Amino acid sequence: VRQGKQFILSIDGEVDAAKRAEIEKIAETLLSNPVIEDFTIEIHP
Amino acid sequence: MTARVGVVTFPGSLDDKDAARAIRVVGGLAVPLWHADSDLHSVDAIVLPGGFSYGDYLRCGAIAKFAPVMEKIVDAANGGMPILGICNGFQVLTESQLLPGALTRNDHLHFICRDQKLRIENNTSMWTGDFEIGQEILIPLKNGEGGYVADEKTLDQLEAEGRVIARYLDLNPNGSRRDIAGITNARGNVVGIMPHPEHAVETLTGPTTDGLAFFTSLLKSLVNDGAVSA
C-alpha cells in the first residue's frame with residue numbers, strides 16, 4: 001500500500017525552466033519533508 | 001541582570017503560557033515573541049512551545065518554519081543562542097533543519113497523553129547541565145506525531161556524539177527510533193524534546209518538578225557564557 005498527498009498547482013503561462021525550478025523548490029521546502037518523504041512532479045499542459 | 005528568555009507564540013501554540021511560567025519559576029524574565037516579529041527583543045534564549053502551530057496543516061511545524069520570527073531564530077541558533085523546542089517546538093526545529101530527523105505519526109495512530117518516565121543521557125547541552133547522566137525523570141507527554149525518525153547513519157551519529165538527551169523508559173509511547181525522546185545539536189545550544197518539562201515545574205499542577213532542571217540548566221549556561229551576570 002502506498003499513501004501520499006497530491007498537490008495541484010495552477011500555473012499561468014508555459015512552465016519554463018525557471019518556473020519548473022520554482023515548483024521544485026516549493027515541493028522540496030514546503031510541500032514535502034525530504035527527511036521522510038519523496039516527491040515527483042508531473043506537468044500537464 | 002535577569003536572563004531574558006523569549007517564548008514564541010505561533011497561531012495555534014497552546015503551551016506558551018506554561019513555558020513562560022516555567023521561566024519565571026526559576027527566576028528568568030519571560031519575553032513574549034510573536035510569530036510575525038522580525039526582531040528578537042534582545043532575548044538571551046528562546047523556547048518554542050508545544051501546540052498546533054498553524055493548525056498542523058501540511059505537516060507539524062512545516063508552516064511555522066516560514067514565520068518571520070523563525071528566520072531570526074535560525075540565525076540566532078547558528079550563532080549559538082540556546083533554543084529549546086518542546087513537542088510542536090521540536091517539530092519546528094526539525095522542519096527548520098536545526099535538528100536532524102523528523103517527527104512522524106505515533107506508530108499506534110492515537111493521540112497519547114500520559115506521565116512519561118525518561119532517562120537523561122546528556123548533561124553537557126545548555127539545557128541539561130543540571131541533570132545527572134542516568135537520572136530518571138517523570139514529565140507529561142502529549143502528542144499525536146511524536147515518533148522520532150532519522151536514517152540509521154544519523155541515529156548512529158547522534159549516539160556516538162552523545163546527542164541523545166533523553167530516552168523513553170518502561171515503554172516506547174510513540175514508536176520513536178531507539179526510544180529517543182529528545183536530542184541536541186552538535187554545539188549543545190539547540191535542544192528538542194517531545195515530552196513537556198514546562199508542565200512539571202510545580203507539584204500543584206504537574207506530576208513532579210523534574211522539568212525545572214531544563215530551565216535552571218539554561219540560566220546557569222547563560223551565566224557561564226557571560227550572557228547574563230549571576
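Residues numbered from 1 in each chain as written. Chains lettered and ligands numbered in written order. Predicted model: local features only at pLDDT ≥ 70, side-chain atom pairs only at ≥ 80, totals over all residues. Heavy atoms only, no water.

Caption draft 1: Structural context of the interface of chain A and chain B. With ten residues of chain A in contact, the opposing surface of chain B contributes ten residues. For the pair chain A and chain B, the summed buried surface comes to about 790 Å²; carbon and sulfur atoms form 62% of the total. Of all residues in chain A, L30(A), N33(A) and I36(A) give up the largest surface area on contact with chain B, accounting jointly for 51% of the area buried on that side. One can count one salt bridge joining chain A with chain B. Between chain A and chain B we count six residue pairs in polar contact (both at pLDDT 80 or more) in total. Tallied by class, the residues present in the side of chain A that touches chain B amount to five nonpolar, three polar and two charged. (Contact = heavy atoms within 4.5 Å. Buried area = accessible area lost by both parts, 1.4 Å probe. Salt bridge = Lys/Arg side-chain N within 4 Å of Asp/Glu carboxyl O. Polar contact = N/O pair within 3.5 Å; in protein donor to acceptor, adjacent residues only side chain to side chain. Nonpolar A, V, L, I, M, F, W, Y, C, P; charged D, E, K, R; others polar.)

Caption draft 2: Seen up close, the nonpolar core. All names here are of chain B. By size, the foremost hydrophobic cluster in this structure holds 70 residues, and its most contacted members are I46, V47, L48, W127 and F215. Here this core takes six residues from helix α5 (residues 212-224), the largest share from any one element. The residues touching F215, leaving out its near neighbours within four places in the chain, are A22, I23, V26, V47, L84, W127, P197, E198 and V201. (Core = buried A, V, L, I, M, F, W, Y, C linked by side-chain atoms within 4.5 Å. Buried < 20%, exposed > 50% of the residue type's maximum accessible area, 1.4 Å probe, protein only. Helix = DSSP H or I, 4+ residues; strand = E, 2+ residues; numbered from the N terminus.)

Caption draft 3: Structural context of the pairing of strand β10 (residues 180-184) of chain B. Residues and elements named next belong to chain B. Of all five residues that make up β10, five are buried, and the element is covered over most of its length. As judged from the three bridges shared by strand β9 (residues 164-168) and β10, these two strands associate in the antiparallel manner. Across the sheet, residue A166 finds its bridge partner in β10, namely G182. Pairing of β10 with strand β11 (residues 190-193) involves three bridges; the strand directions are antiparallel. Bridge pairing in β11 links T184 to V191. Adjacent in sequence and paired antiparallel, β10 and β11 are bridged by five residues, among which G188 carries a positive phi angle near 90°. (Pairing = 2+ DSSP bridges.)

Caption draft 4: Structural detail: the pattern of salt bridges. Residues and elements named next belong to chain B. Scanning all chains against the criterion turns up 17 salt bridges over all chains. The closest approach of N and O atoms between R21 and E202, which form a salt bridge, is 2.8 Å. With a gap of 181 residues between them, R21 in helix α1 (residues 16-25) and E202 in the loop between β11 and α5 connect regions that are remote in the sequence. Close ionic contact of E121 with R119 constitutes a salt bridge, the shortest N to O distance being 2.9 Å. Ionic contacts of the salt-bridge type, sharing partners, join the residues R119, E121, E152, D156, E159, R167 and R178 into one network.

Caption draft 5: Examining helix α4 (residues 152-160) of chain B more closely. Residues and elements named next belong to chain B. For α4, every residue scored as buried is listed here: T154, L155 and L158. All buried residues of α4 fall inside an arc of 100° around its axis, so they share one side. Projecting away from the buried face of α4 at angles above 90 degrees are the exposed residues K153 and A160. Contact partners of the buried residues in α4: β8 (147-149), β9 and β10. Remark: G162 follows α4 within two positions and exhibits a positive phi of approximately 65°. (Arc of directions from axis to C-beta.)

Caption draft 6: View of helix α1 (residues 17-31) of chain A. Residues and elements named next belong to chain A. Here α1 spans 20 Å end to end across 15 residues, near enough to the 21 Å set by a 1.5 Å rise per residue. Buried within α1 we find I23, A27 and L31. Across the axial projection of α1, the buried residues extend over an arc of 45°, all falling on one side. Turned more than 90 degrees from where α1 packs its buried face, A17, A18 and K25 sit exposed. (Expected span 1.5 Å × (residues − 1).)

Caption draft 7: View of the confidence of the model for chain B. Summing up the model confidence of chain B, the mean pLDDT is 96 and the portion of residues at 70 or higher is 100%. Scoring of the predicted complex yields 0.94 for pTM and 0.83 for ipTM. (pLDDT = per-residue confidence, 0-100.)

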